[in-house]
Amino acid sequence: MEALVSAVLGDLISRSISFAVDRCCHRWSKGGGIDQDAPQRLRRLLLRVQVVVEEANRRRITNQSMLRQLQLMREGLYRGYYLLSAFKISHGVMRDNKPQDREATSHPSPSFALSRFNPAKRLRRSTVSDREAELQEVLAGLERMASDMKELVVFLSCYPPLMNREPYSRHLWLENCLFGRQAEQDRIISFLLEPEAGPEHPGVLPVIGRPRVGKSTLVEHVCHDDRVRKHFSLIVFFSKCDAGDGKLLPLGDGGGVVKHRDLASSGKSLAVVELAGDVDENTWGRILCKLRGEYEVPVSKVVVTSRSDKIASFGTTQALELNLLPREAYWYYFKTIAFGSSTDAEEQPELADVCMEMAEVLDRSFLGAIQVGNLLRCNPCPHFWRRILGCFKEYNSMHLRLFGENPGDLIEKDRPVYLWTLLPKVDTALIGYRVYKVCSAQQRDDVPRVTADDLHTRSAKFQGKFEVLIWRSLIPPYYSYFMSCGVQASSSSLLCKPPRNRQIQQQQPRLKLM
């Protein structure tokens, strides 16, 4: 019965997509170009493609060709929403401009080259023909994609739905779900379900990436998948403290965390090892030897995560490198947090213009998107949003003047940074020394619950060194992110005026030593 309903639903979806595509093509050929209804047509087409993508995300798909096609559809979907937002933002702001400003935007501009900052402003500086050409390109690509979805929808109905559905809240708040990692998740699951070579030769998949890019969260979600839990009778996590020197402790002595145990099932186990830094081959050999001989169920698969790309050589298969989200996908993620899923960002072009520029300034940081997005959502006022944007721009430019690097790059290297504030003048500077995460099982009661909002608004009195709760994750593995901070007396001129070269030499060593 479910297969029949799925087939009927798939046929209806494919018919609606075909009707939309035929209508778009008919208008296109009749008008000879992009008409005024192009953004609406693009929105309707995006919604129909999104229906198929979301339905596919709830299916247990094993065909690799279908998975690759779905990933292309996701990329086209995010690019379409990105361009739609930029196009509507530019036209919305143009309607608010003076007539002479509006007339100036219709002249050719030599600065149409892809800009790293604010695509909406780039679209406003471009000619009308350039904007139409870019929109036409995206429309044509999505239409070709939609026309090829008929067979995909039919095949989707043949795959059973997943048992562990995401909670309903994921449709309201994207921070409640794993976003933008479907292809990587499918890659790891495919590796884990492959036939094993034997307990003496366990398969090893290295997962590498920069700090706080989502390696642990991705692996945790993979291990919660019902297919993985049925395949392995034991799943054990070893943190960087457990495996740093190659001497894994027994499970009973705190040497690992059991995430899943069902000894009556397959008789195979999965080990997830988190490495803090570089590990040589001898140390890795001792880790594998310990995994093969110390536990009641033979280890048949190993997933090892690390920031260092040197561990790629330890794998029995090609390493999975976890990169930052594409800018189009990050914009979709950030604007959904800032506006909420129930609000259409394009209907508020002034706010959306600031939001798109803020997304570029944040440079695809997950923590930044959640922290700043929630702050913007609490006060949907254009003046407040522009004030936050100005603070972040000054925050970045100050660190570039002082140290020659962005604050995000300094934090990744565990180097101190100055913390931004909404106050125009301050007598003391707050310094963040390092960001670290603590899992839910290791929460400490003695950590002061000072939040990041308290830092930015200076709503509390800070003295000496203290800990700040940056964000508490709502999805597995439920990490809480903290920052070690301190107070440094300084004049407001340090945070507002560009220093001379001698001042740079004086301030940089002092900041490092604290």
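Please refer to the structure higher up on the page.
Residues numbered from 1 in each chain as written. Predicted model: local features only at pLDDT ≥ 70, side-chain atom pairs only at ≥ 80, totals over all residues. Heavy atoms only, no water.

## As for the packing of helix α15 (residues 366-377) against helix α16 (residues 382-403)
At a minimum axis distance of 10 Å, the contact between α15 and α16 shows a crossing angle of 155°. As the angle between them shows, α15 and α16 are arranged roughly antiparallel. Crossing angle aside, the handedness with which α15 passes α16 is right-handed. Facing V372, L375 and L376 of α15, the residues of α16 in contact are F384, W385, I388 and F392. Broken down by class, the residue content of the contact of α15 with α16 amounts to seven nonpolar, no polar and no charged. (Axes fitted to C-alpha atoms, helices over the stretch in contact; angles between N-to-C directions. Helix = DSSP H or I, 4+ residues; strand = E, 2+ residues; numbered from the N terminus. Parallel < 35°, antiparallel > 145°, perpendicular 65-115°, else oblique. Left-handed = near helix turned anticlockwise from the far one by under 90°. Contact = heavy atoms within 4.5 Å. Nonpolar A, V, L, I, M, F, W, Y, C, P; charged D, E, K, R; others polar.)

## A look at the pattern of salt bridges
For the coordinates displayed, the defined rule picks out 17 salt bridges. We note a salt bridge from D226 to R60, for which the minimum N-O separation is 3.0 Å. Taken together, the positions of D226 in helix α10 (residues 226-231) and R60 in the loop between α2 (38-57) and α3 (64-96) put the pair 166 residues apart, joining distant regions of the chain. The same class applies to D226 as to R60, namely buried. For R415, the salt bridge goes to E405, with nearest N and O atoms at 2.8 Å. On the criterion of sequence distance, the pair formed by R415 in the loop between α17 (407-412) and β7 (417-418) and E405 in the loop between α16 and α17 is long-range, its members being 10 residues apart. (Salt bridge = Lys/Arg side-chain N within 4 Å of Asp/Glu carboxyl O. Buried < 20%, exposed > 50% of the residue type's maximum accessible area, 1.4 Å probe, protein only.)

## So, the packing of aromatic side chains
Evaluation of the coordinates by the stated rule reveals 15 aromatic pairs. The interplanar angle of 20° and the centroid separation of 4.8 Å between the aromatic rings of F462 and F466 together place this pair among those described as stacked. For F462, a relative accessible area of 14% translates into the label buried. For F466, a relative accessible area of 10% corresponds to the buried category. Linked through ring pairs, Y78, Y81, F179, Y332, Y333 and F366 together constitute an aromatic cluster. Above the plane of the ring of F237 lies K259, whose end atom (NZ or CZ) is 5.1 Å from the centre. (Phe/Tyr/Trp six-rings, centres within 6.5 Å; stacked < 30°, edge-to-face > 60°. Lys NZ or Arg CZ within 6 Å of the ring centre and 35° of its normal.)

## Here we look at helix α14 (residues 349-362)
For α14, which comprises 14 residues, the first-to-last C-alpha distance of 20 Å matches the rise-based estimate of 20 Å (1.5 Å per residue) to within 8%. Where burial is concerned, most of α14 is hidden: 13 out of the 14 residues are buried. Looking at the residues trailing α14, positive phi occurs at D363, about 60°. (Expected span 1.5 Å × (residues − 1).)

## A closer look at the nonpolar core
Membership of the largest hydrophobic core comes to 95 residues, with the highest contact counts inside it found for M73, F334, W385, I388 and F392. Looking at this core, the element that brings in the most residues is α3, giving 13 residues. Ignoring anything within four residues of it in the chain, the contact list for W385 reads A338, F339, L351, V354, C355, L376, N379 and P380. Counting 22 residues, the second-largest nonpolar core is a separate cluster that includes I235, L270, V272 and V303. (Core = buried A, V, L, I, M, F, W, Y, C linked by side-chain atoms within 4.5 Å.)

## Digging into the packing of α2 against helix α7 (residues 149-156)
The N-to-C vectors of α2 and α7 enclose an angle of 30°; their axes lie 11 Å apart at closest approach. Comparing the axis directions of α2 and α7 gives the class roughly parallel. Remark: the crossing between α2 and α7 carries left-handed chirality. The residues of α7 that touch α2, namely those facing V49, V52 and A56, are M149, L152, V153 and L156. When the residues that make up the contact of α2 with α7 are grouped by side-chain class, the tally is seven nonpolar, no polar and no charged.

## Let's talk about the pairing of strand β10 (residues 465-472)
Of the strand pairs in this sheet, strand β9 (residues 450-451) and β10 are connected by two bridges, and their pairing is parallel. Counted as the bridge partner of V450 is V468 from β10. Taken together, β9, helix α18 (residues 452-457) and β10 form a β-α-β motif whose crossover is right-handed. (Pairing = 2+ DSSP bridges. Right-handed = clockwise from strand over helix to strand, strands pointing away.)

## Things to note about α7
Those residues of α7 not exposed but buried are M149, L152, V153 and L156. Viewed along the axis of α7, the buried residues span an arc of 100°, placing them on a single side of the element. (Arc of directions from axis to C-beta.)

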